[in-house]
Amino acid sequence: MTIVRRWYWAWIGGLIIAALAVWGIVDNQRLFLVTTLNGLTLAALYFLVASGFTLVFGLLRNVNLAHGSLYLLGAYVGWVVGELTGSWFVAVAAGFLFAALMGLVLQVGVFRFMQGDDLRQTMATIGLSIIAADVALWIWGGQIYQFDPPSWITGTTALPLVGKFSTYRLVLLATAVVIGIGLWAFLAYTRVGMMIRAGVDDRGMLSASGVNVQMVFAITFAIGAGLAGFAGVVGGTALSIAPGEDTRYLLASLVVVIVGGMGSVAGAALGAVLIGVAEQFGLAYAPTYGIVFTFVIMALVLAFRPQGILGRRT
Amino acid sequence: MTKRTAKLFGALTGAAIATVLAAAAQAQETVKIGLLATLEGPFAAGGQDGMRGAELAVKERGGTVAGKKIELVKASSDAKPDVAVNSTRKLVEQDKVQIMVGPLSGSEGIAVKEYSKSQPGVTFINGGSGAQATTLLNPSPNFFRFNTDGGQWMVGLGDYAYNTKKFKKMALVAEDYAFPYSQVQGFMAEFCKAGGKVTHKAWVPLGGKDYSSVIAKLPQDVDALLVVLGGSDAVNFLSQYEQAGGDKPMVGGSITVDQTVLNFKGKRRESLLGTAAAGPMADSIDTPEWKKFVADYKANFKDGFPSPSLFAFVYYINMKAALDALEAVKGDLSGNQEKYREALKALKLKTPVGEITLDENRQAIGPTFITEVAKGPDGVFFNKVVKTIPKVDQKLNLSKEEFEKMGLGSRDVPNCP
């Protein structure tokens, strides 16, 4: 009975949204489509950051509140390397590698000593994120940094119905899709991916069957952190990097994984799309109150499905 | 030594050291000044430069005033009013500062002004915040502002945009809080009066980052955009506007094309050339006082901007006012700082842009400069002065009746679609 009622509400909500969408298309088709595309490209960025966050949580049960710092530090290091080498692609690689290395150091040097101790881990990560933010402010100052991507991805592309749209944002969307599929394939078909999935289900069992769990943890953490650093450079190119971005993306990742379901990569993708699209439609159609949309979605999910849309009860 | 006696011994040593230190501090009297700016959030770059400006004013006096040592206690906020009040509270109640300089951003200023009413023993001097309401509505007797406000900063620009730039129809993009309201009012009061139309207003959240959908909604049939965004918001908007293929000329607010924005690391800033803006200062003012200020700034802060930003400037003048008045009363802060406040009110502050005085609400009356972005021979971007309005008061140089009829700036005031 409750399930029927829940779906009944979902249908009503869906109908209202569909009606609004039809009105949006009839009212101004171009604006509607551009906003949708903007929402999807923003979602792509959110997904890149949140996928690493959720991967780490799923396996290690570690809410890494320094995830935003990995994003910001990866972006800064990427920027420095990009300036030195003059290549944006090297900058992206550097952002990934540096953040992955940081993640490795964090896991091996810090979190291994407080496994299963949620509160201590949370406090430690908050502390680390504050230190990282201050160190970054000290080294790079409060300036605003922007990347110089190769010219073929900086212009605009004419799309059917939509018209001119930023090429870079389309590249961002494609990148996120590729990474998403890659991540899924990695988890589904490789040996390490298999171990990670096994670890998510039952860590004790995995360890008992002779797998070096600590190594699996370290690899997962490195990949998750690397994705944050990667997103730092890629996102910094679309927008910009400045102090404060760390908490911004940490909050975005938190909202995305809470909506999508902690520990689920597919959930991160779904959550990212919901939040990204809601944010952009808010900005375009209700600029003053748009910021509320994100949190309405979060509140609804928490009220009706506390484990997240694709999350599993633990 | 047992563990316990060791602990006791340690505690005693600590106490002894503390006593000696306290005695040393008393030998040369200190005056404690709290300094609050945003080192996080969208105005982090501005906040950092604001700190430099305040430090410069202290350095000019060799770190002492009226024979007392100046002790700066710094704190940070992130442009949100509640954070600013918490940081101020910490400085006032925990660190026991006697004078408070800050905060940086508009809504923060209003919140700190309200808080100042509960602390009559401390004198509050503004840092960089420029919302009109701070000193115009329910002013606080111990809150002083030696910088002109966001509305005053835009006086003359509306006229310049309409008559010189020939923009008749404009669309507006501005952040949704007190300071841009003031800025937009300062601009639109004149622009609308001259006959201009502002057909579309987009108020966006502070620190919003992704403006692509706001840009998609901008009307195509306008002559120019009025962009009142600051710091990283401005950079994000400008680069995304270009990414989206936008090509309208722009008129900026006082912090839209500030040094923080002109110096962002990236190549896309070329598109800023020719952008008109207005503010309480400009990079290229041609007076010896201004040039000395810029030279001092450069000499003291190797890691600073090529020339001081607006925030460095306003923090500098506010801190300078705090110290000049302190000198005038020979450091006398007794009697609930009564004498000190009288000195502040009577101060004719010598600043790099000319003299600044206070009105009956303890709000500054000072000059405004209309500027355009130009490129120097060394490739450095700067704001070239095209016009100066020597004295601007808080009523935007309108008559009292005219100003009161219009009311305070908000999302819908003024309006001329």
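Residues numbered from 1 in each chain as written. Chains lettered and ligands numbered in written order. Predicted model: local features only at pLDDT ≥ 70, side-chain atom pairs only at ≥ 80, totals over all residues. Heavy atoms only, no water.

### Side note on the state of the cysteines
All names here are of chain B.
Piece 1. Across all of its chains, the model carries 1 disulfide over all chains by this definition.
Piece 2. The disulfide partner of C192 is C416, and the gap between their sulfur atoms is 2.0 Å. Every disulfide takes its handedness from the sign of the S-S torsion; for C192 and C416 that torsion is -60°, giving left-handed. In this pair, C192 sits in helix α7 (residues 178-194) while C416 sits in the segment after α14 (400-406), placing the two residues 224 residues apart along the sequence. In this structure, C192 and C416 share a single accessibility class: buried. (Disulfide = S-S within 2.5 Å. Helix = DSSP H or I, 4+ residues; strand = E, 2+ residues; numbered from the N terminus. Buried < 20%, exposed > 50% of the residue type's maximum accessible area, 1.4 Å probe, protein only.)

### Describing helix α13 (residues 334-346) of chain B
Residue and element names in this part refer to chain B.
Piece 1. When the terminal C-alpha atoms of α13 are compared, their 18 Å separation across 13 residues agrees well with the 18 Å that a helix rising 1.5 Å per residue should span.
Piece 2. Every buried residue of α13 is listed here: Q337, Y340, R341, A343 and L344. The arc enclosing the buried residues of α13, seen along the axis, measures out at 160°, which places them on a common side. Looking at α13, the residues exposed on the side facing more than 90 degrees away from the buried face are G335, K339 and A346.
Piece 3. The secondary structure elements touched by the buried residues of α13 are β4 (99-101), β5 (123-125), β6 (143-144), α12 (310-328) and β13 (354-358). (Expected span 1.5 Å × (residues − 1). Arc of directions from axis to C-beta. Contact = heavy atoms within 4.5 Å.)

### What to know about the sheet that holds strand β2 (residues 64-65) of chain B
Backbone hydrogen bonds hold the strands of a sheet together, and the pairing may be parallel or antiparallel.
All names here are of chain B.
Piece 1. If you trace the 6 strands from one edge of the open sheet to the other, you get β2-β3-β1-β4-β5-β6, paired in mixed fashion. Lying at the two open borders of the sheet, with one neighbouring strand each, are β2 and β6.
Piece 2. Across 2 bridges, the pairing between β5 and β6 is parallel. Each bridged residue has a counterpart across the sheet, and for I125 the counterpart in β6 is F144.
Piece 3. Each of β1 (30-38), β2, β3 (68-77), β4 and β5 is contacted by α12, which is oriented at about 165° to β1, the strand it contacts most. (Pairing = 2+ DSSP bridges. Axes fitted to C-alpha atoms, helices over the stretch in contact; angles between N-to-C directions.)

### Describing the side chain of A:H67
Residues and elements named next belong to chain A.
Piece 1. Checked against the element boundaries, H67 lands in helix α3 (residues 67-85).
Piece 2. A relative accessible area of 2% places H67 in the buried class.
Piece 3. One polar contact links the side chain of H67 to the main-chain amide nitrogen of F53, over a distance of 3.5 Å.
Piece 4. H67 has contacts with V49, G52, F53, G224, A228, L250 and S253, leaving out every residue within four places of it along the chain. (Polar contact = N/O pair within 3.5 Å; in protein donor to acceptor, adjacent residues only side chain to side chain.)

### Points about the domain arrangement of chain B
Reports often express the size of an interface as the amount of accessible area lost when the parts come together.
All names here are of chain B.
Piece 1. Taken domain by domain, chain B holds domain 1 (26-148 + 286-366) and domain 2 (152-284 + 368-406).
Piece 2. For domain 1 and domain 2, the distance between their C-alpha centroids amounts to 26 Å.
Piece 3. With 37 residues of domain 1 at the contact, the number on the domain 2 side is 35 residues.
Piece 4. Summing both sides of the interface, domain 1 and domain 2 together bury roughly 2,700 Å²; the carbon and sulfur share of this comes to 60%.
Piece 5. Linking domain 1 with domain 2 are 0 salt bridges, by the criterion used here.
Piece 6. Where domain 1 touches domain 2, the interface holds 11 residue pairs in polar contact (both at pLDDT 80 or more).
Piece 7. Elements that contribute at least two residues to the side of domain 1 that touches domain 2 include exactly α2 (44-60), α4 (106-116), α5 (133-136), α12 and β14 (364-375).
Piece 8. The greatest single-element share of the side of domain 1 that touches domain 2, amounting to 4 residues, is contributed by α12.
Piece 9. Across the side of domain 1 that touches domain 2, the residue classes break down as 18 nonpolar, 14 polar and 5 charged. (Domains from an automatic or database assignment. Buried area = accessible area lost by both parts, 1.4 Å probe. Salt bridge = Lys/Arg side-chain N within 4 Å of Asp/Glu carboxyl O. Nonpolar A, V, L, I, M, F, W, Y, C, P; charged D, E, K, R; others polar.)

### Considerations on the interface of chain B and chain A
Piece 1. Of the residues lining the interface, 34 residues belong to chain B; the matching set on chain A comes to 40 residues.
Piece 2. Taken together, the two surfaces of chain B and chain A that pack against each other cover about 3,100 Å², and 52% of this comes from carbon and sulfur.
Piece 3. For the pair chain B and chain A, the number of links is 1 salt bridge.
Piece 4. One salt bridge connects B:D210 with A:R169, and the closest N-O pair in it is separated by 2.6 Å.
Piece 5. The tally of links from chain B across to chain A stands at 8 residue pairs in polar contact (both at pLDDT 80 or more).
Piece 6. Sorting the residues of the side of chain B that touches chain A by element identifies α2, α8 (212-217) and α9 (231-243) of chain B as the ones contributing at least two each.
Piece 7. The element contributing the most residues to the side of chain B that touches chain A is α9(B), with 7 residues.
Piece 8. Along the lines of polarity and charge, the residues of the side of chain B that touches chain A split into 11 nonpolar, 15 polar and 8 charged.

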